Amino acid sequence: MASLKEKDFGTPARESDKMVTLLIDGVEVTVPEGTSIMAAAAKIDRQIPKLCATDSVEPWGSCRMCLVEIDGVKGTPSSCTTPVRDGLSVHTQTERLERIRRGVMELYISDHPLDCLTCAANGDCELQDVAGQVGLRDVRYGFDGERHFGDKAVAKDVSNPYFSYDPAKCIVCSRCVRACEEVQGTFALTIQGRGFDSRVSAGIGSDDFFGSDCVSCGACVQACPTATLTEKSVEQHGTPTRAVSTTCAYCGVGCSFRAELQGDQVVRMVPEKTGGANEGHSCVKGRFAWGYATHKDRITTPMVREKTTDPWRKVDWDEAINFAADRFKKIQEKYGQNAIGGITSSRCTNEEVYVVQKMIRAAFRNNNVDTCARVCHSPTGYGLKNTFGTSAGTQNFKSVEKSDVILVIGANPTDAHPVFGSRMKKRLRQGAKLIVADPRRIELVETPHIKASHHLQLRPGTNVALMNALSHVVVTEGLVNEAFVAERCDPVEFDRWRTFVAEERNSPEAMADKIGVDPQEIRKAARLFATGGNAAIYYGLGVTEHSQGSTMVMCLANLAMATGNIGREGVGVNPLRGQNNVQGSCDMGSFPHELPGYRHVSDDAVRGSFEDDWGVSLSSDPGFRIPNMFAAAVDGTFKGMFVQGEDIAQSDPNTHHVTAALEALECLVVQDLFLNETAAFAHVFLPGTSFLEKDGTFTNAERRINRVRPVMEERNGLSEWEAVCRLAQAMGYDMTYNAPSEIMDEIARLTPAFAGVSFDRLDREGSLQWPVNDKAPNGTPTMHVDGFVRGKGRFMITEYVPTDERTNRSFPLILTTGRILSQYNVGAQTRRTENSRWHDQDVLEIHPFDAEERGIADGDMVSIQSRMGAVTLPVMISERMPQGVVYTTFHHPVSGANVITTEFSDWATNCPEYKVTAVQVARSNQPSDWQKQHGEMRRTHYLRTVEAAE
Ligand code: SF4
Ligand code: SF4
Ligand code: SF4
Ligand code: FES
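Residues numbered from 1 in each chain as written. Chains lettered and ligands numbered in written order. Predicted model: local features only at pLDDT ≥ 70, side-chain atom pairs only at ≥ 80, totals over all residues. Heavy atoms only, no water.

Caption draft 1: Broad picture of the site of ligand 1. If you check the shell around ligand 1, you find Phe163, Cys180, Gln184, Leu189, Phe209, Cys214, Val215, Ser216, Cys217, Gly218, Ala219 and Cys220 and nothing else. For the shell around ligand 1, the residue count by class is 9 nonpolar, 3 polar and no charged. (Near = heavy atom within 4 Å. Nonpolar A, V, L, I, M, F, W, Y, C, P; charged D, E, K, R; others polar.)

Listed below in structure tokens is the structure:
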């Protein structure tokens, strides 16, 4: 269990090679140069009273509570703003200081309501603590004069669903304003007015939090020393009494949190300062959107049914598992060993994923296992493995603090990876340069105090052309880092590549028409990237979800190698992985051609080591990928599927095809929290556990293995890994563990990159970045430091091939899809929280010109028709879109964004081309045929099943 409160050092930690030694109250302390006296004192547990200082933000020196006396120095300097110096002798407690502090506190309290006993922060209020600490016994000024509380109070702002703002309790310390600026980088708050009239304001116009620019990250709530900004859950339940450290289960940033509870009731989730990925920050999802874990829609009893049109029948675990095993066995007898398979989930822990792939290989006796990475970052694995030798990003998140030039391509970090987005923004405010390559004008292009040097607003589907053009400039203008290439890369492959990209047809000018970007702009961006210092690439699904996704990842690796931006802090090729454990699910062997640790199933030695350990012979043939499974299901040769925590019916492309495949199955087993879209086609439903009930590990985008600890009892009575082990047993393969730590021990035993990982060690050390083994006993924050994992870095030829998905007169626009901050992927979790207040439906964004041409007004319903299908959505006219490109999200099942996406996919990995679909958009006043059918199905099928389940 974690301590309820993390220590507050008062001012941010400083890094310096020079150490300074001083005396504080006679005790010697040594700290890095630049550290404040306050933080130095905290280090030796001398907590100097403070109100306006906290270690998440720079000191401000306004409250005058933290004064100290220093030998030989006149007056009483504030310890938060005074840096340490060698040889100082500081006194934190003297009679004079006591008098001053008490006087200041008296003034504060004279304008503060005395309702401590009924205040939500009672027991968790710094003002209360410090009043006690300084021994305040009396307030001589009375409470009758000018004041901000009682009948003079400004109304409490309760507009935000998760926290409230009660100005009556504000001490105007500005910690909230500074947190919003420095930590989050949103600049939503200001101090309005002067002197006694000054108060915190969330907006000039609306002046309430919900209507302001606030993104509800909670940094201000975290920083507020009083109950002015308070979580509504604390108001409701009271202050927490215990805490458990765990990891956010949304995006691939992998923020560490302390779940703070009363008994089994989660009161709030507080970002952990010691969290390697987030260092005390969070976003609205991890911080506040955890209510789905106890939502009434959760199914906690196993269920079965003969046919998908039957109502569900609640059964016990044994019956559900035997039902599934019998059907799977019968299918294999009738249609052969390869007629069943499964999908692992990137939402689940490494241990849960590992047992599913093991069940498929050892109990199903084939390699028909795949994972959602197929539809997101499979090209990352392929591209980076071929060029560098490892299927993972090269840096940790902290590395961005050393970057001088940042290229963000096909990623929207402020929405999809918000905590990393904030970290990146901080570096950009410090002066790092930014290049954004994205068809949309994402927030980073221009946001308070940040303006991209270049926004390369390319046409969707032309990524490779753009990258080749950038590389052309590097090669032909003499910007190659020759020393790096000579030392670290394969010379023959490099020469081939250099000759290829230098060809005139790859120049920005030759490619300009295709890419749709001014060639001069491309040239300038290339020069900046190659000469601006440490240059780092951050990319997302805008890179991978294309027919040339793998080619594009290799383009990025080529550019990084050619400019020498690999192998140290501040540089690198960094995939911003989408799901919390997508890195982990790939590491754990969720691909049909790879055993855990990215080793091919045909490698006899590797397979032999698994066979010895598992006591079973394994197939050396790669199994089916998800699209192959669907195709074989439609053909009638694939009949059974185990789906762990994925909603493929909503998230995979070409919905008509996916649902036809699912309908053709004779046994679909879904393990999930909710009866999702996929469960509508299931015969067996195995209730899953939420992240608050799981015991295991997640691996984030920086290869960081974080612990996930059970915060509350399992609501379904059986861990997911136990249910899977029992299914494997019922299929005839003995798979047993006593605890998830044993699963990790097995992973460590069989996977060289994880050799040094164990739960004990993670519990002791917090987190570890793989590889962790004899060569890297403490883990690996930066990859490829002295050489590439594969030996010499390999340049790959990256010919631009236009996608087969072309616009024409019937389908003149390009649709591209993405995420927004408040919702998460298929929305199964976030739609069941107050986050829907920000986004209760998906909308289509369209450029004003394209709208006008079609007679479309803002808010109209429009039909979006592709070659695959049509859906109807409300429209938002937006200058963020370039002409000819429309954009939507896919967070709501009824929107059916994937009804229109095509079956085109990456040539190497089959990752679908979500980002490019040719469409036509027209006004419409009714749902599409698919939406009508889907609505009907919800009524007859989903609702009936849900009723039956309750
Ligand atoms: S919640 Fe976050 S974005 Fe909103 S005002 Fe507070 S710090 Fe700023
Ligand atoms: S709202 Fe809280 S953090 Fe902000 S100025 Fe008031 S007391 Fe300080
Ligand atoms: S940034 Fe990602 S990991 Fe962090 S709190 Fe938000 S959703 Fe969770
Ligand atoms: S804590 Fe130092 S002046 Fe407020």
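Caption draft 2: Quick peek at the pattern of salt bridges. Under the counting rule described, the total for this entry stands at 61 salt bridges. Put simply, lysine 398 and glutamate 401 hold a salt bridge, and the shortest N to O gap is 3.3 Å. Its relative accessible area of 25% is what places lysine 398 among the partly exposed residues. Under the relative-accessibility criterion, glutamate 401 is labelled partly exposed at 35%. With a closest N to O distance of 3.1 Å, aspartate 604 and arginine 607 form a salt bridge. Within this pair, aspartate 604 and its partner arginine 607 are both found in helix 21 (residues 604-614), separated by 3 residues, close to a single helical turn. Where salt bridges share partners, they join Lys5, Glu6, Asp124, Glu231, Arg258, Glu260, Arg268, Glu272 and Arg287 into one cluster. (Salt bridge = Lys/Arg side-chain N within 4 Å of Asp/Glu carboxyl O. Buried < 20%, exposed > 50% of the residue type's maximum accessible area, 1.4 Å probe, protein only. Helix = DSSP H or I, 4+ residues; strand = E, 2+ residues; numbered from the N terminus.)

Caption draft 3: Seen up close, the packing of aromatic side chains. By the definition in use, this model includes 20 aromatic pairs. An angle of 35° between the planes, with centres 4.8 Å apart, marks the rings of phenylalanine 420 and tyrosine 538 as tilted. Taken together, the positions of phenylalanine 420 in helix 12 (residues 418-429) and tyrosine 538 in strand 21 (residues 535-539) put the pair 118 residues apart, joining distant regions of the chain. In terms of burial, phenylalanine 420 and tyrosine 538 fall into one category: buried. Each ring, one from phenylalanine 610 and one from tryptophan 614, has its centre 5.1 Å from the other, and the planes form 75°; the classification is edge-to-face. Here phenylalanine 610 pairs with tryptophan 614, and both are found in helix 21, just 4 residues apart, close to one helical turn. Pairwise contacts between aromatic rings join Tyr162, Phe163, Tyr165, Phe209, Phe210, Phe288 and Trp838 into one cluster. The ring of phenylalanine 759 has arginine 707 lying over it, and the distance from NZ or CZ to the ring centre is 4.2 Å. (Phe/Tyr/Trp six-rings, centres within 6.5 Å; stacked < 30°, edge-to-face > 60°. Lys NZ or Arg CZ within 6 Å of the ring centre and 35° of its normal.)

Caption draft 4: Local environment of the UniProt feature "domain: 4Fe-4S His(Cys)3-ligated-type" (unreviewed entry) in the chain. This chain's UniProt record puts "domain: 4Fe-4S His(Cys)3-ligated-type" (unreviewed entry) on residues 96-135. Measuring from the first to the last C-alpha atom of residues 96-135 gives 14 Å, for a span that is 57% helix and 0% strand. (UniProt positions renumbered as here; feature names shortened; annotations may be inferred.)

Caption draft 5: Summary view of the site of ligand 2. The environment of ligand 2 is formed by 13 residues, the closest being Cys170, Cys173, Ser174, Cys176 and Cys224. The class makeup of the residues in the shell around ligand 2 is 9 nonpolar, 3 polar and 1 charged.

Caption draft 6: Up close: the UniProt feature "domain: 4Fe-4S Mo/W bis-MGD-type" (unreviewed entry) in the chain. The positions UniProt marks with the feature "domain: 4Fe-4S Mo/W bis-MGD-type" (unreviewed entry) are residues 241-297. Split by type, residues 241-297 is 9% helix and 35% strand. Its first and last C-alpha atoms lie 28 Å apart.

Caption draft 7: Just helix 3 (residues 126-133), in detail. Listed in full, the buried residues belonging to helix 3 are Glu126, Leu127, Val130 and Ala131. Take helix 3 and look down its axis: the buried residues cluster within an arc of 135°, on one side only. Its buried side turned inward, helix 3 meets helix 2 (95-110) and helix 4 (175-184). Phi turns positive one or two residues past the end of helix 3, at glycine 135, with a value near 75°. (Arc of directions from axis to C-beta. Contact = heavy atoms within 4.5 Å.)

Caption draft 8: Structural detail: the side chain of histidine 455. Take histidine 455: it is sitting in strand 20 (residues 454-456). A polar contact of 3.2 Å, which involves the side chain of histidine 455, links it to the backbone oxygen of arginine 440. (Polar contact = N/O pair within 3.5 Å; in protein donor to acceptor, adjacent residues only side chain to side chain.)

Caption draft 9: Focus on the sheet that holds strand 11 (residues 265-271). As summarised here, the arrangement of the 3 strands in space is 9-10-11, forming an open sheet in which the pairing is antiparallel. The outermost strands of the open sheet, each flanked by one partner alone, are strand 9 (242-247) and strand 11. Adjacent strand axes in the sheet meet at a mean angle of 30° when their direction is disregarded. As defined by bridge partners, strand 10 (residues 256-262) adjoins strand 11 across 6 bridges and the pair is classed as antiparallel. Following the sheet pairing, glutamate 260 is matched in strand 11 by arginine 268. (Pairing = 2+ DSSP bridges. Axes fitted to C-alpha atoms, helices over the stretch in contact; angles between N-to-C directions.)

Caption draft 10: Inspection of the packing of helix 4 against helix 12 at higher detail. Two numbers describe how helix 4 lies on helix 12: the axes approach to 8 Å, and their chain directions differ by 90°. With respect to helix 12, the element helix 4 is oriented roughly perpendicular. Along its contact with helix 4, which presents Glu181, Glu182, Val183 and Gln184, the element helix 12 presents Ser422, Lys425, Lys426 and Arg429. (Parallel < 35°, antiparallel > 145°, perpendicular 65-115°, else oblique.)

Caption draft 11: Geometry of the domain arrangement of the chain. Each domain of the chain was delimited in the assignment, giving domain 1 (19-93), domain 2 (303-376 + 581-769), domain 3 (394-411 + 420-526 + 533-559) and domain 4 (813-942). Put simply, the middle of domain 1 and the middle of domain 3, counted by C-alpha atoms, are 45 Å apart. (Domains from an automatic or database assignment.)

Caption draft 12: Region of the structure containing the sheet that holds strand 15 (residues 369-371). Ordered by their spatial adjacency, 7 strands build an open sheet running 13-12-27-26-25-14-15, and the pairing between neighbours is mixed. Since the sheet does not close on itself, it has two edges, and those belong to strand 13 (313-314) and strand 15, each with one partner. The sheet contact formed by strand 12 (residues 303-304) and strand 27 (residues 684-687) spans 2 bridges and is antiparallel. If you follow methionine 303 over to strand 27, its bridge partner there is phenylalanine 685. Helix 22 (residues 626-635) contacts strand 14 (340-344), strand 15 and strand 25 (640-644) of the sheet and is inclined by roughly 120° relative to strand 15.

Caption draft 13: Looking closely at the environment of threonine 81. Turning to its location among the elements, threonine 81 is positioned in the loop between strand 3 (69-70) and strand 4 (89-91). For threonine 81 and threonine 35, which are 46 residues apart along the polypeptide, the C-alpha to C-alpha distance reads 9.4 Å. Those residues in contact with threonine 81 that sit more than four places away from it in its chain are Pro59, Trp60 and Gly61. At 2.6 Å, the side chain of threonine 81 forms a polar contact with the side chain of serine 78.

Caption draft 14: View of the pairing of strand 11. Burial of strand 11 is extensive: 6 of the 7 residues sit out of reach of the surface. Two successive antiparallel strands, strand 10 and strand 11, enclose a turn made up of 2 residues, where glycine 263 displays a positive phi of approximately 60°.

Caption draft 15: Geometry of unusual backbone geometry. Backbone torsion omega between tryptophan 770 and proline 771 reads -5°, so that peptide bond is classified as cis. The residue proline 771 is located in the loop between strand 30 (767-769) and strand 31 (813-818) in this model. The phi dihedral of aspartate 25 is positive, around 50°, even though this residue is not glycine. With respect to the element layout, aspartate 25 can be found in the loop between strand 1 (19-24) and strand 2 (27-32). The exposure class assigned to aspartate 25 is partly exposed, which follows from its relative accessible area of 24%. A positive phi is found at aspartate 45, a non-glycine position, where the angle reads about 60°. Looking at the element boundaries, aspartate 45 is found in the loop between helix 1 (37-43) and strand 3.

Caption draft 16: Structural view of helix 26 (residues 740-750). Three or more residues of helix 26 are buried, namely Pro740, Ile743, Met744, Glu746, Ile747, Ala748 and Leu750. Those residues of helix 26 that are buried are in contact with helix 9 (350-363), strand 24 (599-600), helix 21, strand 28 (696-699), helix 25 (720-730) and helix 27 (759-765).

Caption draft 17: Seen up close, the packing of helix 13 (residues 463-476) against helix 16 (residues 508-515). Between helix 13 and helix 16, the least distance of the axes is 10 Å, while the angle of their chain directions is 160°. Comparing their axes, helix 16 and helix 13 come out roughly antiparallel. Taken as a pair, helix 13 and helix 16 cross one another with a handedness that is left-handed. For the pair helix 13 and helix 16, contact is made by Ala465, Leu466, Ala469, His472 and Val473 and by Pro508, Met511 and Ile515, respectively. (Left-handed = near helix turned anticlockwise from the far one by under 90°.)

Caption draft 18: Structural context of the pairing of strand 28. Because side chains alternate across strand 28, one face comprises the buried residues Gly696 and Phe698, and the other comprises Thr697 and Thr699, equally buried. The pairing of strand 28 with strand 29 (residues 704-708) spans 4 bridges and is antiparallel. By the bridge assignment for strand 29, threonine 699 is matched with isoleucine 705. Here strand 28 folds back onto strand 29 in antiparallel fashion, the turn holding 4 residues, of which arginine 703 has a positive phi close to 65°.

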